[in-house]
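Next come the chains, spelled out residue by residue.
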Amino acid sequence: MRIRTLKDVEKLDHKIKEELGIDVQKYRNEEVIENFVELLVFPKYVINWVIRPILISIVIFIFGFFIFDLVHIEYVIYGVIGLILFLVVGIITGLLFLIWKMKSDMWSIINYSLEIMKSAVTDINQVNNQVNKENRKDVLGLLFKGVIHIVTIPMISKIISDKVPLVGGIVNRIVKKILTLVSDKVKFDEEKLKQELNKTENESSALKVYSSSISSATKGLEKVINFTFGVAQFPLKIGLGIILLVLILFLYVIN
């Protein structure tokens, strides 16, 4: 079941209530999510991870006037071309650091979502009403989608909109796409899960199986996150390599 619109989310919410007897919305904790979002969008976050590499590049550029043996027009050439090249290096490096840090924080948000899942499947009073041996293997996939689309994404979207008036829409779309991709790609080993569940005679044992499967799925999710951010970083790494090569050649020629 792919979730793309608000209507899809409503259908998902209804399905979880009907098939699992769980109201996922009750697991919302805005204070926790707000702490994560502050890490993602607070101005100091951008200053620390983007501005600093740019400032370091400018400082190195300035030192170049004293290190290299420049004469006459070479000062102008170095001042113009050198500044551009150093700035580009600083900007790309800063963006790479920012993406790396965002990956770390997004992983914290996903871990939070997994903890909500564990809380949901251990809510025995609700799960016992609807879950049986026919549908138990489908519980985790359905529940994870519910947590992501009904709890995590709406809360993050609301907080980002409140805290980031100018670029909040862009940040929100990026975060939403990443979480949607994760919810689409997450894999719980359904066959193994079904086999383990068939061995259990009571719901207490079944809940232990669910908890174990959630922990096992974490490795798969980590691969998805690494791949997603790796794709985002790849063109930047290529660009940084090319610019560094051009910069080195430029410094060699002008010196």
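Residues numbered from 1 in each chain as written. Predicted model: local features only at pLDDT ≥ 70, side-chain atom pairs only at ≥ 80, totals over all residues. Heavy atoms only, no water.

**A short note on the side chain of His149**
Counted only if it meets this: Under the scheme used here, helices are H or I runs from DSSP no shorter than 4 residues and strands are E runs no shorter than 2 residues, and both carry numbers assigned from the N terminus. Any two residues having at least one pair of non-hydrogen atoms within 4.5 Å are treated as being in contact.
As for its position among the elements, His149 is in helix H6 (residues 139-163). Contact partners of His149, with chain neighbours within four places excluded, come to Ile3, Val9, Leu12, Pro154, Thr180 and Ser183.

**Side note on helix H4 (residues 73-121)**
Stated precisely, the cut-off is as follows: Expected helix span is taken as 1.5 Å per residue step, with the number of steps being one fewer than the number of residues. Across the chain, bend at a residue is computed as the angle between axes fitted to the seven residues ending at that point and the seven starting from it.
Taking 1.5 Å per residue, 49 residues should reach 72 Å; H4 reaches 72 Å between its end C-alpha atoms and fits that length. A bend of about 30° at Gly82 is the largest found in H4.

**Remarks on unusual backbone geometry**
In plain terms, the rule: Only protein chains enter the accessibility calculation, which uses a 1.4 Å probe; a residue whose area is less than 20% of its type maximum is buried, one above 50% is exposed, and one in between is partly exposed.
We note that His72 has phi near 50°; this positive angle belongs to a residue other than glycine. Classification of His72 by relative accessible area gives exposed; the value is 73%.

**Side note on the environment of Thr180**
Applicable threshold: N or O atoms closer than or at 3.5 Å make up a polar contact, with two conditions inside protein: a donor-capable atom paired with an acceptor-capable one, and, for residues adjacent in sequence, both atoms drawn from side chains.
Tracing the backbone shows Thr180 in helix H7 (residues 168-185). On the accessibility criterion, Thr180 (12% relative accessible area) is buried. Spatially, the C-alpha atom of Thr180 lies 7.6 Å from that of Ile148, the residues being 32 residues apart in sequence. Those residues in contact with Thr180, other than ones at most four positions away along the chain, are Ile3, Arg4, His149 and Ile153. At 2.8 Å, the side chain of Thr180 and the backbone oxygen of Lys176 are in polar contact.

**Notes on the packing of aromatic side chains**
Rules: Paired rings are identified among Phe, Tyr and Trp, the last through its six-membered ring, by centres lying within 6.5 Å, and are further divided according to the angle between planes into stacked (under 30 degrees), edge-to-face (over 60) and tilted (the rest).
By the definition in use, this model includes 7 aromatic pairs. Relative to Phe65, the ring of Phe61 has its centre 5.3 Å away and its plane inclined at 75°; by these criteria the two rings are edge-to-face. Remark: Phe65 and Phe61 occur in helix H3 (residues 43-67); sequence separation between them is 4 residues, near one turn of the helix. Relative to Tyr78, the ring of Phe61 has its centre 5.0 Å away and its plane inclined at 15°; by these criteria the two rings are stacked. Of this pair, Phe61 sits in helix H3 while Tyr78 sits in helix H4, and the two are 17 residues apart along the sequence. Given the relative accessible area of 7%, Phe61 is considered buried.

That's the geometry; what it means functionally is another story.
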